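Geometric and topological summary
Here are the chains, one letter per residue:
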Amino acid sequence: MHKGCPVHQLREELRRVGLRPTRQRISLGWLLFAKGDRHVTAEMLYEEATRARVPVSLATVYNTLHQFTEAGLLRELAVDGSKTYFDTNVSDHHHFFIEGDDDLVDIPDSGLSVADLPDLPEGMEVARVDVIVRLRRKA
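Our subject in this report is the structure included herewith. All figures in this text were calculated on a predicted structure; none of them were measured in a lab. (Residues numbered from 1 in each chain as written. Predicted model: local features only at pLDDT ≥ 70, side-chain atom pairs only at ≥ 80, totals over all residues. Heavy atoms only, no water.)

So, on to the side chain of Glu-48. Among the secondary structure elements, Glu-48 is positioned in helix H3 (residues 42-51). A polar side-chain atom of Glu-48 sits 3.5 Å from a polar atom in the side chain of Lys-35. Excluding its chain neighbours within four sequence positions, the residues that come into contact with Glu-48 are Leu-31, Lys-35 and Arg-38. (Helix = DSSP H or I, 4+ residues; strand = E, 2+ residues; numbered from the N terminus. Polar contact = N/O pair within 3.5 Å; in protein donor to acceptor, adjacent residues only side chain to side chain. Contact = heavy atoms within 4.5 Å.)

Set out below in structure tokens:
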């Protein structure tokens, strides 16, 4: 999806990936994708929806984020056991996580390559490699 995508484009994209374009999915999708590439948690999106007067529960936000992820519209990144971010940029790329700020930032394309992966178990293939480089502010 593209930055500032009109609602009708969002409806068509949802249909294309096999999701019914319900009012809640359209509203949450608009909040997610209208601002370009970004990283959000369910709680962040719920707060945005509340401020925008979109009547959704936190459970609906979680369900929608997971549906969008399974449909390939979002990429899920588990940063801590308790913190999951959803990335609107689904291309292969890696991230910096700034501890203390709880901020996730894309690593520029030229910034990192992953080599020498271990031998894979029989019948398995690599789906993707997620690298999260944790940063903290210098004392």
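More follows now that the structure is in view.
Helix length check: helix H4 (residues 58-70) (13 residues) gives 18 Å between terminal C-alpha atoms against 18 Å at 1.5 Å per residue, within 8%. For H4, every residue scored as buried is listed here: Thr-60, Val-61, Thr-64, Leu-65, Phe-68 and Thr-69. Buried residues belonging to H4 abut helix H1 (7-16), helix H2 (23-33), H3, strand S2 (75-80) and strand S3 (83-87). Two residues or fewer past H4, Gly-72 is found with a positive phi of approximately 90°. (Expected span 1.5 Å × (residues − 1). Buried < 20%, exposed > 50% of the residue type's maximum accessible area, 1.4 Å probe, protein only.)

Where charged atoms of side chains with opposite charge meet at close range, the side chains can pair. Inspection of every chain in the model, using the stated rule, returns 8 salt bridges. Among the ionic pairs, Arg-38 bridges to Glu-48, the shortest N-O distance being 2.9 Å. Linking Arg-38 in the loop between H2 and strand S1 (39-40) with Glu-48 in helix H3, this pair joins segments that are 10 residues apart in sequence. In this structure, Arg-38 and Glu-48 share a single accessibility class: buried. (Salt bridge = Lys/Arg side-chain N within 4 Å of Asp/Glu carboxyl O.)

Taking strand neighbours across the sheet as the criterion, the 3 strands line up as S1-S3-S2 in an open arrangement whose pairing is antiparallel. One side of each edge strand has no neighbouring strand; the edge strands of this open sheet are S1 and S2. For S1 and S3, the ladder comprises 2 bridges, and the chain directions are antiparallel. Across the sheet, residue Val-40 finds its bridge partner in S3, namely Phe-86. (Pairing = 2+ DSSP bridges.)

Looking now at H2. Taken residue by residue, H2 has Arg-25, Ile-26, Leu-28, Gly-29, Leu-31, Leu-32 and Phe-33 as its buried positions. Tucked into the core, H2 has its buried residues touching H1, S1, H3 and H4.

Nothing here speaks to function; it is geometry throughout.
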